[in-house]
Amino acid sequence: TEAVGLYNLGQSCCLNSLLQVFLMNTRFTGILRRITVPPSPVQRRNNVPYQMLLLLEKMQCGKCKAVGPTDLAYCLSAHRVKLFVQHDAAQLFLTLWNLLKKQMKKPELVEELHDLYTICIQEHLACQKCSFEIKTNSTMLTLPLPVLDANSHRLKTLKESLQYFFHPEELTGQNMCFCQQCGRKTTFLQSMKLVHLPQTLTLHLKRFCFERSSHTHKLSHCLPFPQELDFNEVLTENQCQADDSEKATWQYELFAVVAHSGSTSCGHYCAYIRSLTECKWYCFNDSEVCQVSWDDVKCTYGHSNLYWTETAYLLIYMKKHPQ
């Protein structure tokens, strides 16, 4: 069976959930299987892609309901990833991806990995006093989506959250920018435009809120997300900087949900993943794996009255019609 669990090594639920999302993605494992095996035992022990490949083979070849990711965990610790501590799934996802990219020696695999996950955004800054404009392209691994607006009002759906992220913002007062044409600080209009979306798209719901007292609390209110997502129906023409052939591929299907339960100081992660070969949903909760329904996945929408509720934190979508 594809559905094999990972034993918890001690607060490793975040790592386990992310590993399951990586390894259940057949496009990612297609890249992983073509890596160059490091020549020496020490290099193999400290190589994240190789240790991830060994774990994949252990999961696929074994007859156990779960396996231990011990070797990979200690490999990560050699790269300053702390063990036996609580991690933030969005931060750990970025750390794992960067280590994978850094240690894949074949340039074509690095490029494939980059293309598989990387989002391209164009930032526009336009002076409101004259015609001066700055355009900057940048890449992102995840889209960090707010769940509250600037007035701390709750955004009610994923579509609202995406529209708010791409909504233009006026930079006034202390946020004014220096305009080279005006020769002074002026009011600017800042906007984000979508240039390119990858095959595997990761959306990060910013549910952990930092207060001035340096205390962090979790925003658990309900924010529904769809099984199918078409960015052409979400964003306006002004929020896109892409040609028609690029936009034609912006139709997505939900592949996985990394969910967090509990509080910021005492929490737990699990992953709901749709098998790409069976088209069935599974819940990966460390060593426990079971088949679930879409109604079970919808339970991660959130519920503001339940403090310990399980809430979606990372949403991973797959292109329905890749080029």
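Residues numbered from 1 in each chain as written. Predicted model: local features only at pLDDT ≥ 70, side-chain atom pairs only at ≥ 80, totals over all residues. Heavy atoms only, no water.

For the protein chain, the name recorded in an unreviewed UniProt entry is UBP18 hydrolase, with Myiagra hebetior as its organism.

### Some words on the overall build of the protein chain
How we decide: Under the scheme used here, helices are H or I runs from DSSP no shorter than 4 residues and strands are E runs no shorter than 2 residues, and both carry numbers assigned from the N terminus. The globule rule used for comparison is 2.2 Å times the number of residues to the exponent 0.38, while the radius of gyration itself is calculated over C-alpha atoms. A simple rule labels every residue: compare its accessible area, found with a 1.4 Å probe on the protein chains alone, to the largest value its type can have, and call it buried under 20%, exposed over 50%, or partly exposed in between. For this analysis, residues touch if any pair of their heavy atoms sits within 4.5 Å.
Secondary structure assignment for the protein chain yields 11 helices and 18 strands. At 21 Å, the protein chain has a C-alpha radius of gyration in line with the 20 Å of a compact globule built from 323 residues. Dimensions of the protein chain, computed from the C-alpha atoms along their principal axes, are close to 65 × 50 × 40 Å. Counting across all 323 residues of the protein chain, residues that qualify as buried make up 50%. Considering only contacts in the protein chain between residues 6 or more positions apart, those separated by 24 or more positions represent 66%.

### Examining the sheet that holds strand S9 (residues 188-196)
Which entries qualify depends on this criterion: At least two bridges found by DSSP between two strands is the condition for calling them paired. Where helices are involved, their axes are fitted lines through C-alpha atoms of the stretch in contact, as for all axes, and angles between N-to-C directions lie from 0 to 180°.
Read from one edge to the other, the open sheet built from 4 strands follows the order S4-S3-S9-S6, with strand pairing classed as antiparallel. In the strand order of this sheet, the two ends are held by strand S4 (133-140) and strand S6 (169-171), each with one partner. Strand-to-strand twist in this sheet, taken as the mean axis angle between neighbours without regard to direction, amounts to 30°. Bridging between strand S3 (residues 119-127) and S9 involves 8 bridges; their strand directions are antiparallel. Of the residues in S9, the one forming a bridge with Cys127 is Phe188.

### Examining the pattern of salt bridges
Note the cut-off: Salt-bridge detection follows one rule: a side-chain nitrogen of Lys or Arg within 4 Å of a carboxyl oxygen of Asp or Glu.
Scanning the entire structure with this criterion turns up 5 salt bridges. Where Lys320 meets Glu228, a salt bridge forms, and the shortest distance between an N and an O atom there is 3.2 Å. Highlighted residues: Lys320 in the segment after strand S18 (311-319) and Glu228 in strand S13 (residues 228-230), separated in sequence by 92 residues. Glu228 gets classed as partly exposed once you look at its relative accessible area, which sits at 48%. One salt bridge in this structure joins Lys298 and Asp295, with 3.5 Å as the shortest N-O distance. Here Asp295 and Lys298 lie together in helix H11 (residues 294-298), a separation of 3 residues that amounts to about one turn.

### Remarks on the packing of aromatic side chains
Applicable threshold: Here a pair means two rings of Phe, Tyr or Trp (six-membered ring of Trp) with centres within 6.5 Å. Their orientation is stacked below 30 degrees between planes, edge-to-face above 60, and tilted elsewhere.
One pass over the full model with this rule turns up 13 aromatic pairs. Taking 6.3 Å as the distance between ring centres and 45° as the angle between the ring planes, the aromatic pair formed by Tyr269 and Tyr313 counts as tilted. Separated by 44 residues along the polypeptide, Tyr269 in strand S15 (residues 267-274) and Tyr313 in strand S18 bring together distant segments of the chain. Neither residue differs from the other here; Tyr269 and Tyr313 are each classed as buried.

### Focus on the pairing of strand S16 (residues 281-285)
With respect to burial, S16 is a largely interior element, 4 of its 5 residues being buried. Examined bridge by bridge, S15 and S16 share 4 bridges and lie antiparallel to one another. Counterpart to Ala271 in the pairing with S16 is Phe284. Between S15 and the antiparallel strand that follows it, S16, lie 6 residues; Cys279 among them carries a positive phi value of about 60°. In terms of strand pairing, S16 meets strand S17 (residues 288-292) through 5 bridges, oriented antiparallel. Across the sheet, the residue bridging to Phe284 is Val289, located in S17. Where S16 hands over to S17, the hairpin turn is made up of 2 residues, of which Asp286 adopts a positive phi near 55°.

### Thoughts on the packing of helix H4 (residues 48-61) against helix H5 (residues 70-78)
Basically, it comes down to this: Any angle between 65 and 115 degrees counts as roughly perpendicular, while under 35 counts as roughly parallel, over 145 as roughly antiparallel, and the rest as oblique. Helix crossings get a hand from a simple test, with the near helix turned counterclockwise from the far one by less than a right angle marking a left-handed crossing and a clockwise turn marking a right-handed one. Each residue is assigned to one of three groups, with Ala, Val, Leu, Ile, Met, Phe, Trp, Tyr, Cys and Pro labelled nonpolar, Asp, Glu, Lys and Arg labelled charged, and all others, Gly among them, labelled polar.
Relative to each other, H4 and H5 sit at 170°, their axes nearing to 9 Å. Overall, the two elements H4 and H5 adopt an arrangement that is roughly antiparallel. As H4 runs across H5, the sense of the crossing is left-handed. Contact residues: Val48, Gln51, Met52 and Leu55 in H4; Asp71, Leu72, Cys75 and Leu76 in H5. Taken together, the residues of the contact of H4 with H5 sort by class into 6 nonpolar, 1 polar and 1 charged.

### Quick look at unusual backbone geometry
Despite not being glycine, Gln11 shows a phi value in the positive range, around 55°. Here Gln11 is to be found in the loop between strand S1 (5-6) and helix H1 (13-23). Judged by its relative accessible area of 42%, Gln11 is partly exposed. In this structure, Ser152 is a non-glycine residue whose phi angle is positive, near 65°. Within the secondary structure, Ser152 sits in the loop between strand S5 (143-146) and helix H8 (158-165).

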